Amino acid sequence: IIHFHEKLLEKHQIKISYWTLRNELIKNNLVKYKKRKVQKQFTKRERVANYGELVQYDGSYHKWLEERNWGEELCLLVKVDDATGEINAKFDKSEWLIPTMKFWKGEFEKNWKPRIIYLDKFATYKINHKNATNDKELPTQFWRMCQTLWVKLIFANSPEWKWRVERMNLTLQDRLIKEMREENICDMDSANKFLKETFLPKFNKKFSIEPREKANLHIILTKDENEHLNQ
């Protein structure tokens, strides 16, 4: 409803209070009101203080283009800066090694290196096979890359510990899908162009916040790292 309320003003210059709109939609059975489930309480970790100090990262599999690309699932790779809530995202076929490395290569070249990447224990990032009892800390290729570039990885034990990026995935599954439907986007290349040029700049301007401290803790790539980044 919040998104619809914004689009009425943005696209049609219709000004109406949120609660009036909500009540009308419910009354006309255009939306269904659901009681919120009582969720298990957990202590939300406070945001870090500085931009680039810690980012949360995840891949979200979903039918992002609905049936316009024959119902095929895509994976949205999402990075959220913990201090500001600023996001970057890119569609790919999966969350496996090559798409993930390409995503982070672009991040390192454009925005430099964050101090810490906070992610789950998906096989791209961490050895998690139940029989690998002697090699739990054996680095994956992605982990090895980050070690080489002096970027620390922290592995979450549950989705709640990286709730900021998990919540962002749900927000994007609501807002982004509707925006792409409105633009009749039907393929991954067009979706990535729309993300980069239209959706992300507007989204970050609207929802990102000022960090508590002013320092930018991203680390610039050294000359040697730049020269050997592909390797």
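Refer to the structure printed above.
Nothing here was measured: the structure is a model prediction, and the numbers come from that model. (Residues numbered from 1 in each chain as written. Predicted model: local features only at pLDDT ≥ 70, side-chain atom pairs only at ≥ 80, totals over all residues. Heavy atoms only, no water.)

**Q** Which parts of the structure should I look at to understand unusual backbone geometry?
**A** With a phi angle near 60°, Trp 150 is a residue other than glycine that sits in the positive phi range. Note that Trp 150 resides in the loop between α4 (141-148) and β5 (152-155). Residue Trp 150 is classed as exposed on the basis of its relative accessible area of 72%. In the Ramachandran plot, Asn 184 falls in the positive-phi region, its phi being about 55° despite a non-glycine side chain. Here Asn 184 shows up in the loop between α5 (163-182) and α6 (188-207). (Helix = DSSP H or I, 4+ residues; strand = E, 2+ residues; numbered from the N terminus. Buried < 20%, exposed > 50% of the residue type's maximum accessible area, 1.4 Å probe, protein only.)

**Q** Help me out: how do you make sense of the sheet that holds strand β2 (residues 74-81) in this one?
**A** What holds strands together in a sheet is hydrogen bonding between their backbones, with the strands either parallel or antiparallel. Judged by pairing direction, the sheet is mixed, and its five strands sit side by side in the order β3-β2-β1-β4-β5 without closing on themselves. Each of the sheet's edge strands pairs with one partner strand only, and the pair in question is β3 (87-92) and β5. Each strand of the sheet is rotated relative to its neighbour by a mean of 20°, with strand direction disregarded. In the sheet, strand β1 (residues 54-62) pairs with β2 via eight bridges, with the strands oriented antiparallel. Considered in β2, the bridge of Gln 56 is made with Val 80. Each of β2 and β3 touches α6; the most contacted strand, β3, lies at about 170° to it. (Pairing = 2+ DSSP bridges. Axes fitted to C-alpha atoms, helices over the stretch in contact; angles between N-to-C directions. Contact = heavy atoms within 4.5 Å.)

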